[in-house]
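Residue-level structural notes
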Amino acid sequence: MTTTNQDSKKRKISEESGETFHENKRPYTDENFIDLEQDETLEGNATEMVIDPSSFRSSENYLKWQTTISNVVKSVVSIHFAQVAPFDCDPALVSEATGFVVDAELGIILTNRHVVGPGPFVGYVVFDNHEECDVIPIYRDPVHDFGFLKFDPSKIKYTEVQSLKLMPSLAKVGSEIRVVGNDAGEKLSILAGFISRLDRNAPDYGDLTYNDFNTEYIQAAASASGGSSGSPVVNIDGYAVALQAGGSTEASTDFFLPLNRILRALKCLQKKELITRGTIQVQWLLKPYDECRRLGLTPESETRARKLFPENIGLLVAETILREGPGDLGGIKEGDTLISINGTDIYSFIQVDDIFDTSIDEEVTLVVQRGGINHTIVIRIQDLHSITPARYVEVCGATANDLSYQMARCYALPVKGVFLSSATGSFNFDTKEKVGWMLDSIDNVETPNLDTFIEVMKGIPDRSRVTVRYHHLTDHHSPHVTSIYIDRHWCSEFRLYERNDKTGLWDYQNISKPLPPIKLEPQSARFIDIPSENSDMAKLSHSLCMVSTVAAIPLDSLSADSLKTSGLIIDAERGYVIVSRRIVPHDCLDCFVTIADSVIVPATVEFLHPTQNYAIVKYDPKLVNADTITPKLSSTPMKRGDKAHFVGFTQNNRLVSAETNVTDISSVSIPSNIIPRYRATNLEAISIDCNISTRCNSGILTDSDGTVRALWLSFLGERQENKEKVYLMGLDITTCLTVIDILKEGKKPVMNIIDAGFGSISILNARIRGVPEQWIKSMEKESSNRLQFMTVSRVSCTSENIKLETGDVILSVNNKLVTEMDQLTGVVSSADTHDDAQTLNFKVVRDGAVIDLDIKTVNVNETDSILIFAGCILQEPHHAVRQAMTDIPKGVYCTFRGESSPATQYGISATNFITHVNEIETSNLSTFLSVVKQIPDNSYCKMRLMTFDNVPFAISLKTNYHYFPTASLQKDKSSGKWIEAEYNANGEKTVI
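Residues numbered from 1 in each chain as written. Predicted model: local features only at pLDDT ≥ 70, side-chain atom pairs only at ≥ 80, totals over all residues. Heavy atoms only, no water.

By the naming in an unreviewed UniProt entry, the protein chain goes by Pro-apoptotic serine protease NMA111 and is assigned to Maudiozyma barnettii. Comment text from UniProt for the protein chain, heading Function (unreviewed entry), reads "Nuclear serine protease which mediates apoptosis." Database annotation for the protein chain, UniProt heading Subcellular location (unreviewed entry): "Nucleus". (UniProt positions renumbered as here; feature names shortened; annotations may be inferred.)

Have a look at this one:
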C-alpha cells in the first residue's frame, strides 16, 4: 500500500550563488510592476489594468505597453500541478507556476522543465478569465530548463486563447522587457526590467537538484519572485524574447533562458517529429579570454576569435567530463578550450547544441586547445535521451531509477547505477537523508542497472533480511554495508512505471507477487551475565531483550517509523515481553524480538495499555534455544528514598548498570502534541538519581536480589522544531501485574479506563476549592508518599456521558480515599469475564459542594480499519482525538495526507473531518467508502469538511485513481491479520 509522502515544492538554493527557481509563492515587492486584478464587481470577470506610469519613460511608451500587456495576458496561464512521485532529483510535491500558450491551435503551453518535471505530472491551467483546463506533459528537455504541456483547445469555452510568438533574435542588451507572471492564479503581476547580459553561464541551484547547463542565460533586473517560473519575457511589441527560469535571492537579478533551442523543439512538435538531442557528456563553461589564455589558449587563437566574434567575451572551456562517457573516451580534458567542431569555429552553446542535436550516432571532429597545442578529437555523438531515465520501479516502499546524466554530472560520475529517488520503506538508510543514495548490491548480487535490480528483487522472499551495499552520491569514498528487512506485505506494490508522452501518464505494470516468507528454524543464543557479586542480579541479562518495530502505515497520527528499544521478558515459557508503547504504538506494524543480540524472531502485539505507556508482545520461544529467565516481579510499590539498581541499554545497545535512589514519585501527564496522537496520561512516574539513566532510553529498576521493581521507559511527548520530544521515566511494575497475571493464565486482558485526564493539586488549593476539613485530615493521615488531591484536568469526548467536569476534585472511588494517580487508571479484567457496563462511584467536590457520581468506565478501541482516498489516510477518530476535543464532528478523520496527493492539492489537511461527500453524510468509514466508490476517475466531487477547531468549509476535489487509487486496510477480528483491498475506477474490490 503506497501513499506518497514528500515535502512541498521548495527548490534548493545554492549558498554560494544565492540562486533559486521561481515557482514558490512569494509576494511581489518590486516597485516596477503592473498589477492585473480581477474585479469581482464587474460583469463577465472584466479585467482592470492598474499601471504605475512613473515606471515608463513616456506617455506614448506607456500606452504602447498597455496595449501589449492587454494582449499578452490572454496567452499567460497559471499552472497548478503535482509531481506525484519522487523521480531522479525531484521530490513529490504540489505547487504552482506560470506558462504561456505558444500554439493555440494545437494547445501547446511553454513552461520550465523544473515545472513539468522529469517524473509523473498531473495538473491543470487557469486562464486569465479563471477558466480551467487539464494539461498533460508532452516534452521536457533532458538538460535545458524548458518543457511543454498540452491542453485540448476544444474544451476552452469562454477564453479567447492567443499564442505568443517566440522571437529569440530580439533579445538584446538594453532592451526593455516585461515579465508576465502570476501569484497563485489570483492575479497577474507584470514586472519591468532591462536586459543587461546575453552571455551568462547557467545559474547554479546547488547539488542534488535540477540544474541547467551548456547554455547561455540572459540576465536582467526584474525582481521576479514566487510563482513566476515559466513566465514569458516580452518586448514592447508583444513578442516573447526569453523564458523566465530563476533568480538571485541576494540581488534584484533574474535569469532568462534563451528561446533558440525552445523554438526548434516547438517546431518539431508542430511537425510531429522527434526532438533529437545529442551529447558527448561534457559540461562546458563560457570563460573570458584572459582565463582561457591562462588555461592554454594561444595569443594567435585569441586574436582570431576576437576578430571573428567581436561581441563575444570568451570561449567555451571543458569544465566537467563524465567518466566513461564519449568525451572522456575521446580524450577531452578539463580546461580544454573548444576551438571548432567539424571545421566550424565555435563561440556559443547554441552552435554546439545545433551540431550535436543533428548528429546522433555520427562522428564529429572537435578541435580543442590544451597548453597552447591544438588537439583534434573524433567523437561519436550519443543520444541524450538514452541517458535520461524515463522509467522507475516502486518496491518495498521505495522508488529507484537508473542514474541520470543530470545527477551524474554533479560529480563527474559514469552514467550508470541504481539511484534511489526515495530511500524509504525497506531502503530507509538514513532518517534525515532520503535522496542521493546509490545501490551497489543487494543480497550479495551487484546491481549495475535497474533491470538487474528488478531481477534480484524478484527472487527475495517477503520478510527476508538481506545485506545491502550502498553509498551516497556526494561521497563515493564512504561505502556502507547494512542489512535490511524486505517488506512486500505492507508495501505490496512491485511496479515498473514508464513514461507515455502521448497520454501524459506513466503506465505501470505489476512485476511479480511476493515470494512467501522462508520458514523459520530454531537458532541458539548465548547470554553474557551482568558483572555482579549477586548471582540473581547477574542473571538479569537473561530476562532482557530488544524489541523493534517496522511501521509502514502512518496510523493514529503517528509517523511510519522503524523503532527499537529494550524489553523485559515477563514470561520466558510463553514468550511474553513488556516494552514501552512508544516503540509499539499500535498493531498495524511488524514487531520483532531479538534475544542476546543474536537471534531475531517475529512477535505479535498482545496488549496495548491506553494510558500507561506500555505494551506486551509475544514471540515463539521454540524458535530460540537460549537460557531465557522469567524474572521476579515485586508486588510492593516503590517509595521515595528506596535504593535500587538501574540496569539499562545505552543508545548503542550496550548493557550498563549502576546503584541509584528513588528521588521522586509524582503524578505526571505527558504534554499533548498539536496534532493529537497517543500519549501517556494519569501516571505515577518514578524519578531516580542516576547519571547513566539519562543515556539509556530503556531499562529496569531492581532490588539487590534482582527483583524487578520498575520499568525504565521512554515516553513520546510533543513535537518541537521538527524533533520528537522524548521523556525518560520509571513505571512501577506493580501497575502492570494484573495484566501480566491474566496473560500468564492464557487469557486476554481487557482494560476499562476512566476516560478523563487527571492532575494533582496541593492541600492548600484543595482547601480553596472547598474540600471539607475531614477529607483533608483523612488525606494527611493515610497518604504515605505525597499530600495531594487528584483533580480532573480534562474530560474526553466519548459516546457515554462521563459526568465528570474539568475542575472536579476527586475525594474517593467506591468509598476508598484517592491518594495516588494509580487508583484512577481503571479496571482490568479478562476477556471471558469482561463487563462492558462497569460503573464506579465517585465522590467529588464541585463548586464547593460534595456530590456523588456514577461513572461508567470506557473500553478504548484501538484502530482496526483505515481507508486511503485521494492520497490521504482516513479513519475513525482515534482515542487521542477524543481526549483532545470536546465536540467530535460526525465524519471520518484525516490522519495523514501525501504531499503530492489530490488531498493536498485541493485542500484536505490532517486533523480535518470529512462530513459530507456530494451532500451525502459520511459519518463513518463504511458510508464514506460506499459514496466514493460511485465517483468516476478524473472527476470532481464536492466535500464538506470540519477543521479540528470545528470550523466548517467546503472544497471540490478531483479524483486520480491511476496514481492514487482508493484502498482499505482492515483488521480481521478472528485472525488478527490486516487485510488490504484496492478498488478500481468502477468501485470493484480486489483483495491484495
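Next comes the rest of the account.
What follows covers the UniProt feature "domain: PDZ" (unreviewed entry) in the protein chain. Annotation from UniProt places "domain: PDZ" (unreviewed entry) at residues 293-372. Each end of residues 293-372 is marked by a C-alpha atom, and these two atoms are 9 Å apart; helix forms 32% of the span and strand 29%. (Helix = DSSP H or I, 4+ residues; strand = E, 2+ residues; numbered from the N terminus.)

This part covers helix 5 (residues 299-308). Within helix 5, the full set of buried residues consists of Ser301, Glu302 and Ala305. For helix 5, the angular spread of the buried residues around the axis is 100°, confining them to a single face. For helix 5, exposure combined with an orientation more than 90 degrees from the buried face picks out Pro299, Glu300, Thr303 and Lys307. Buried residues in helix 5 make contact with helix 4 (289-294), strand 18 (314-321) and strand 21 (363-370). (Buried < 20%, exposed > 50% of the residue type's maximum accessible area, 1.4 Å probe, protein only. Arc of directions from axis to C-beta. Contact = heavy atoms within 4.5 Å.)

What follows is about unusual backbone geometry. In this structure, lysine 272 takes a positive phi of about 60° despite not being glycine. Tracing the sequence through the fold places lysine 272 in the loop between helix 3 (260-270) and strand 16 (278-279). Positive phi, normally seen in glycine, also occurs at cysteine 396, with a value near 55°. In this structure, cysteine 396 sits in the loop between strand 24 (391-395) and strand 25 (398-402). Relative accessible area serves as the criterion here: at 0%, cysteine 396 is assigned to the buried category.

Relative placement of two packed helices is described by the angle separating their axes and the distance separating the axes. Viewed as axis vectors pointing N to C, helix 3 and helix 7 (residues 349-357) meet at an angle of 30°, and their least axial separation amounts to 10 Å. The angle between the axes of helix 3 and helix 7 places the two elements in the roughly parallel class. Taken together, the residues of helix 7 that come into contact with helix 3 (itself represented by Asn260, Arg261 and Arg264) are Ile350, Asp353, Asp354 and Asp357. In terms of residue class, the contact of helix 3 with helix 7 is built from one nonpolar, one polar and five charged. (Axes fitted to C-alpha atoms, helices over the stretch in contact; angles between N-to-C directions. Parallel < 35°, antiparallel > 145°, perpendicular 65-115°, else oblique. Nonpolar A, V, L, I, M, F, W, Y, C, P; charged D, E, K, R; others polar.)

Another aspect to go through is the sheet that holds strand 34 (residues 544-550). Taken together, the six strands give a closed barrel; going around it, the order is 34-35-36-39-38-37, and neighbouring strands pair in antiparallel fashion. Strand-to-strand, the axes of this sheet are offset by a mean angle of 40°, without reference to chain direction. Direction of pairing for strand 34 relative to strand 35 (residues 562-571): antiparallel, over a ladder of seven bridges. Along strand 35, the bridge assignment pairs methionine 546 with serine 566. In the packing of helix 11 (residues 737-744) onto the sheet, contacts are made with strand 35, strand 36 (576-580), strand 38 (599-608) and strand 39 (614-619), and the angle to strand 39 comes to roughly 20°. (Pairing = 2+ DSSP bridges.)

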